[in-house]
Amino acid sequence: MDHRRFAVACALAATALLGGGCRERARSPLELPDHARAGVKVRDVRVLILEAANEFRIRINGPYEIRSPSTGVLAEGESLPWTKVSRTTGDFAIGDRRWTTAVIEIAPRGNTAIHVSRLNGGVWSAPLAYPGAIRCLRRSLTTMDVLNLVNIEQYVAGVIACELYASFHPEAFRAQAVAARTYALYQMARQANADYDVKATQASQVYGGIPTGPAGRKAYEAVNHTRGIVCTWSSPTGERIFCTFYSAACGGRTQAASNVFNMKDIPPLAGGVHCEYCREAEGKSQAYRWPATSIDKAELTRRLAARSGNVRSIGTVDRVEVVSQTDGGRPVNLRVIGRNGRQVTLKAEEFRLAVGTRTMRSTDCTIVNGPSKVEFANGKGSGHAVGLCQWGMEGQAKLGRKAGQILRFYYPGCHLTRAY
Ligand SMILES: [Zn+2]
């Protein structure tokens, strides 16, 4: 295939689908990961849904099989009523059957959903329905990691139904679908040799299996409308996908990925995008502006030490100072000084995650050192503020902007490209 012609055609198709100016073009051949190259079937996403679990329960209302990737089918049945799956002294146990293997998979034959319930503090959780298959990986004699192997489009639908409010505009769902798909493909390329690609939590993207209700309907519409479309940028070595970070609300200005993550900046993630659109969150959530919060210094000491061994050397926290900040006044690096006079410097985002994202919704706030507490005042935004601003996306969608325009606003210089 003539990649250049293909790329141009794809870019045009993407533009037509998602609206916006027709300056979309991909002059260089697509240099997407192999699994995302046009015409190639994309492998399933491997989503970690349970980490270091001892047991869970599963139900499949239809024919199913239990298999080992190395030895094939181990067992099969016409349906699986609620059955316990556990790790027992080195074996996988499903009901009263046991297998000694490193990996075991449970899959319906056909499109039946897999219902999974987990133990939460001694209580079985309300079941979630998953598409695809379940893979259990041996982690220790008594624990396992549990993955959902899921088609990427189905995965994206499951993500965006969790990431967005059902009330969000359909065009916001479409922009989020492209961002979530690109993020997944990026992680699939990066994690190809790891046990899984993404976690089902905010550590990656929130994913709750098969979406239902109004959010689910909007999610499927958005996924069908944007099928295969991703964000790319013209890197020096060709057109490439990138890690399409997003967060709840930037609070007025996005920030560079390098402020938050250990990575070099690329144009779409260089930050500094002025966004008044997340004001949309006002009156609906505290994502745009949040009230002052505080944390006791002893508790702060404990939380910092739990997250980073470096911080233990400073003993009890005496005060926190801003070392560097963005042009917009958002702290980037902080110095934490202990009562013993020692100090440690860390990224403001690292500090925020240690403190807790409920106490410190964003790093864009004023840090006030009191006698026994550290206070966070004038808080703006919610989340890391890198890349797409979800409330801003909703604000722009309500103003009539198309998904493509919204994505190019938050990822400057990005192109919409059909990956498959
Ligand atoms: Zn914003």
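Residue positions are given per chain, counting from 1 as you read along its sequence in written order. At least 70 in pLDDT is required for a residue's local features to be given in this predicted model, at least 80 for side-chain atom pairs to be given and counted, and no such filter applies to totals for whole chains, interfaces and linings, which use all residues.

### Brief notes about the overall build of the protein
In DSSP terms, a helix is any run of H or I states spanning at least four residues, a strand is any run of E spanning at least two, and both are numbered starting from the N terminus. Within the protein, the secondary structure is distributed over 9 helices and 27 strands. Expected size for 420 residues packed as a compact globule is a radius of gyration near 22 Å; at 23 Å, the protein falls within 12% of this value. By principal-axis analysis of the C-alpha atoms, the protein measures approximately 65 × 55 × 40 Å. Three classes are used. A residue is buried when 20 or more other C-beta atoms lie within 10 Å of its own, exposed when 12 or fewer do, and partly exposed in between, with C-beta atoms placed from the backbone. The buried share among the 420 residues of the protein stands at 44%. Looking at the protein alone, contacts between residues at least 24 apart form 66% of all its contacts between residues at least 6 apart. For the radius of gyration, the atoms used are the C-alpha atoms, and the globule rule reads 2.2 Å times the number of residues raised to 0.38. It is the C-beta atoms, placed from the backbone, that decide contacts: two residues are in contact if theirs lie within 7 Å.

### Side note on the environment of Ala 377
With respect to the secondary-structure elements, Ala 377 resides in strand 24 (residues 373-377). Accessibility expressed as a C-beta count within 10 Å gives 13 for Ala 377, which makes it partly exposed. Between the C-alpha atom of Ala 377 and that of Ser 294, which follows or precedes it by 83 residues, the distance is 8.5 Å. Among residues more than four places away in sequence, those in contact with Ala 377 are Ala 292, Cys 365, Thr 366 and Val 368.

### Concerning the nonpolar core
Note on definitions: a nonpolar core is a set of buried residues drawn from Ala, Val, Leu, Ile, Met, Phe, Trp, Tyr and Cys, linked by C-beta atoms within 7 Å. In terms of nonpolar packing, the biggest core is built from 89 residues, with Val 47, Ile 160 and Leu 407 touching the most fellow members. Looking at this core, the element that brings in the most residues is helix 3 (residues 170-190), giving 12 residues. The domain boundaries here were taken from an automatic or database domain assignment. Looking at which domains feed residues into this core, each of domain 1 (3-41 + 153-279 + 385-418) and domain 2 (50-150) supplies at least three. One finds Phe 351, Met 360, Cys 365 and Phe 376 within the second-largest nonpolar core, a separate group that totals 15 residues.

### Observations concerning the sheet that holds strand 15 (residues 229-235)
What the 3 strands build is an open sheet, ordered 16-15-27; its pairing is antiparallel. If you trace the sheet from one side to the other, it starts and ends with strand 16 (238-241) and strand 27 (415-418), each paired once. When strand polarity is set aside, the average angle formed by the axes of neighbouring strands in this sheet is 50°. Relative to strand 16, strand 15 runs antiparallel, the two being bridged by 4 bridges. Bridge pairing links Trp 233 to Arg 240 in strand 16. Strands qualify as paired when DSSP identifies two bridges or more between them. Every angle, taken between N-to-C directions, lies between 0 and 180 degrees, and every axis is a line fitted to C-alpha atoms, over only the stretch in contact when it is a helix.

### A look at the domain arrangement of the protein
Under the domain assignment used here, the protein contains domain 1 (3-41 + 153-279 + 385-418), domain 2 (50-150) and domain 3 (289-380). Computed over C-alpha atoms only, the centres of domain 2 and domain 3 are separated by 42 Å.

### What about the sheet that holds strand 21 (residues 331-338)?
The strand order across the open sheet formed by 3 strands is 20-21-22, and the pairing between neighbours is antiparallel. Because the sheet does not close on itself, it has two edges, and the strands there are strand 20 (317-325) and strand 22 (343-347). If you compare each strand with its neighbour and ignore which way they point, the axes differ by 25° on average. Bridge count between strand 20 and strand 21: 7 bridges; the pairing is antiparallel. What sits directly across from Arg 319, in strand 21, is Ile 337. In the packing of helix 7 (residues 348-355) onto the sheet, the strands contacted are strand 21 and strand 22, and the crossing angle to strand 22 comes to about 95°.

### Some remarks on unusual backbone geometry
A positive phi angle, near 50°, is found at Ala 52, a position not held by glycine. A positive phi angle is found at Asn 378, which is not glycine, with a value near 55°. Here Asn 378 shows up in the loop between strand 24 and strand 25 (379-380).

### A few points about helix 3
To estimate the expected span of a helix, count its residues, drop one, and scale the result by 1.5 Å. Taking 1.5 Å of rise per residue, 21 residues should cover 30 Å, and helix 3 covers 30 Å from first to last C-alpha, within 8% of that figure. With 18 of 21 residues buried, helix 3 is to be regarded as a mostly interior element.

### Topic: helix 9 (residues 403-410)
Counted residue by residue, helix 9 has 7 buried out of 8 residues, so it is predominantly covered. Taken as a whole, helix 9 has its buried residues at Ala 403, Gly 404, Ile 406, Leu 407, Arg 408, Phe 409 and Tyr 410.

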